[in-house]
Amino acid sequence: MSLSSDTSEHLDWLESEAIHVIREAEAQFDNPVLMFSGGKDSLTMVHLARKAFYPGQVPFPILHVDTGHNFPETIEFRDNLMEEHGLELIVGSVEETIKSGRAKEEQGPDASRNKLQIVTLLDTIEEHGFDVALGGARRDEEKARAKERFFSHRDRFGNWDPKNQRPELWNLYNGRSRKGEHFRAFPLSNWTELDVWQYIQQEDLEIPSLYLAHERTMFERDGVLLPKSPYNDLREGEEYVEKMVRFRTIGDMTCTGAVESTATTLDEVIAEVATTQQAERSARADDQRAEAAMEDRKREGYF
């Protein structure tokens, strides 16, 4: 499927804006890092960073916070991408954070390490002295993320105050901070899920296989289709079923739900996203723990 000239022009404008924000972060801060989850937004960010500094190398490392409960496909895709482009990868391990006593493993059938990533992320930022962490979050994903600025301030505890954000007039971003504080930067803020998929198609980027429909053993909990994994225990009355599914977001296996789909090609994924009435993160069990689950996590230092 070829893109219309209007769509290509729109994507070019988004690309230009994102590259401007990436270059601005590199120019204003001393020690940037690019956060990577293994999903479509992350791989788009890596591609944009490579374009921003071409023909030079990406001048900052890539940071992945590994919960130890990731999909195996995610880790394989991450390692292949880093090797292909010669990128420096830093891995923050939630497992090591738990072993050190800095975080406590949740217990029970709904146990997840999703929130524990906050401690690992903030510890890794402090350990390496990063003063800005670039991420692939988009405003259309979730209402808390819709409140973020391009440059989003974090205090010395890594906390975010959505009521105390800096104005961003025209293309001017204020990255001033005091010692111990840092920023998050979100170059994809104005992109939608459909924009990302169309851009991936335009740029002919490889994507993780999890995004395409495939047969998988699943179980349903609270309306969410979760994958069978060593980290999910069935509750009484739950059972495994074989489903044709694909994932719209990629995260921890304990909380990342799938949608039933027959979209086995990128064209079919784009057609599905263009017509769906279902929110992108509606299959994320971590977002359903409370009405403001994402904002609560973000206030504490989440991605």
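Everything in this summary refers to the structure shown in the same document.

Rules behind the numbers
Residues numbered from 1 in each chain as written. Predicted model: local features only at pLDDT ≥ 70, side-chain atom pairs only at ≥ 80, totals over all residues. Heavy atoms only, no water. Helix = DSSP H or I, 4+ residues; strand = E, 2+ residues; numbered from the N terminus. Rg over C-alpha atoms; globule rule 2.2 N^0.38 Å. Contact = heavy atoms within 4.5 Å. Areas by Shrake-Rupley, 256 points an atom, 1.4 Å probe, with all protein chains shown as cover. Lys, Arg positive; Asp, Glu negative; His and termini not counted. Charge placed at Lys NZ, Arg CZ, Asp CG, Glu CD. Phe/Tyr/Trp six-rings, centres within 6.5 Å; stacked < 30°, edge-to-face > 60°. Lys NZ or Arg CZ within 6 Å of the ring centre and 35° of its normal. Buried < 20%, exposed > 50% of the residue type's maximum accessible area, 1.4 Å probe, protein only. Pairing = 2+ DSSP bridges. Right-handed = clockwise from strand over helix to strand, strands pointing away. Salt bridge = Lys/Arg side-chain N within 4 Å of Asp/Glu carboxyl O. Axes fitted to C-alpha atoms, helices over the stretch in contact; angles between N-to-C directions. Polar contact = N/O pair within 3.5 Å; in protein donor to acceptor, adjacent residues only side chain to side chain.

Concerning the overall build of the chain
Thought 1: Along the chain, the regular secondary structure elements total eight helices and 10 strands.
Thought 2: By the compact-globule yardstick of 19 Å for 303 residues, the chain fits well, its C-alpha radius of gyration being 19 Å.
Thought 3: Projected onto its principal axes, the C-alpha coordinates of the chain cover approximately 55 × 50 × 40 Å.
Thought 4: A separation threshold of at least 6 residues defines the contact pool for the chain, and within that pool the share at least 24 residues apart is 73%.
Thought 5: Just so you have it, the chain exposes about 14300 Å², and 46% of that area is on carbon and sulfur atoms.
Thought 6: For the chain, the separation between the mean place of its 37 positive charges and that of its 58 negative charges on side chains is 7 Å.

Focus on the packing of aromatic side chains
Thought 1: Taken as a whole, this structure holds 10 aromatic pairs when the rule is applied.
Thought 2: Aromatic pair F29 and F183: ring centres 5.5 Å apart, planes at 50°, arrangement tilted. Highlighted residues: F29 in the loop between α1 (5–28) and β1 (32–35) and F183 in strand β6 (residues 182–185), separated in sequence by 154 residues.
Thought 3: Through a chain of ring-to-ring contacts, the aromatic side chains of F29, F150, F151, Y173 and F183 assemble into a single cluster.
Thought 4: Across the ring face of F150, the terminal group of R139 is positioned such that the distance to the ring centre comes to 5.0 Å.
Thought 5: Residue placement shows K228 over the ring face of Y240; its charged tip is 4.9 Å from the ring centre.

A closer look at the pairing of β1
It is a general feature of regular strands that their side chains alternate between the two faces of the sheet.
Thought 1: Burial along β1 is two-sided: the face carrying P32 and L34 and the face carrying V33 and M35 are both buried.
Thought 2: Here β1 pairs with strand β4 (residues 132–134) via three bridges, running parallel. For V33, the partnering residue across the bridge sits in β4 and is A133.
Thought 3: Sheet topology note: the β1/strand β2 (residues 62–66) ladder contains two bridges and is parallel. Across the sheet, M35 pairs through a bridge with L63, a residue of β2.
Thought 4: What joins β1 to β2 is helix α2 (residues 40–53), and the crossover it makes is right-handed.

Section: the pattern of salt bridges
Thought 1: Following the criterion strictly, the structure yields 20 salt bridges and no others.
Thought 2: A salt bridge links R138 to D140; the shortest N-O distance between them is 2.4 Å.
Thought 3: Judged by relative accessible area, R138 falls into the buried class, the value being 0%.
Thought 4: By relative accessible area, which is 39% here, D140 ends up partly exposed.
Thought 5: We note a salt bridge from E272 to R246, for which the minimum N-O separation is 2.8 Å. Pair noted here: E272 is in helix α7 (residues 266–275) and R246 is in strand β9 (residues 241–246), with a separation of 26 residues, a long-range link.
Thought 6: Residue classification places E272 among the partly exposed residues on the basis of a relative accessible area of 23%.
Thought 7: Overall, R246 belongs to the buried group, its relative accessible area being 0%.

Brief notes about the environment of K147
Thought 1: Inspection of the secondary structure assignment puts K147 in the loop between β4 and β5 (151–154).
Thought 2: Taking relative accessible area as the criterion, K147 reaches 36% and is therefore assigned partly exposed.
Thought 3: Between the C-alpha atoms of K147 and H69, which are 78 residues apart in sequence, the distance is 29 Å.
Thought 4: Non-local contacts of K147, meaning those with residues more than four positions away in its chain, are made with W160, P162, Q165 and E295.

Description of the sheet that holds β1
As a general point, the strands of a sheet are linked pairwise by backbone hydrogen bonds and lie either parallel or antiparallel.
Thought 1: Read across the sheet, six strands follow the order β3-β2-β1-β4-β6-β5 without closing on themselves; strand pairing throughout is mixed. Only two strands of the sheet have a single neighbouring strand rather than two, namely β3 (89–93) and β5. When strand polarity is set aside, the average angle formed by the axes of neighbouring strands in this sheet is 30°.

Some words on the side chain of E141
Thought 1: Looking at the secondary structure, you find E141 in the loop between β4 and β5.
Thought 2: A distance of 3.0 Å separates the side chain of E141 from the side chain of R145, its partner in a polar contact.
Thought 3: Excluding anything up to four places from it in sequence, E141 contacts D41, G136, E280 and R281.

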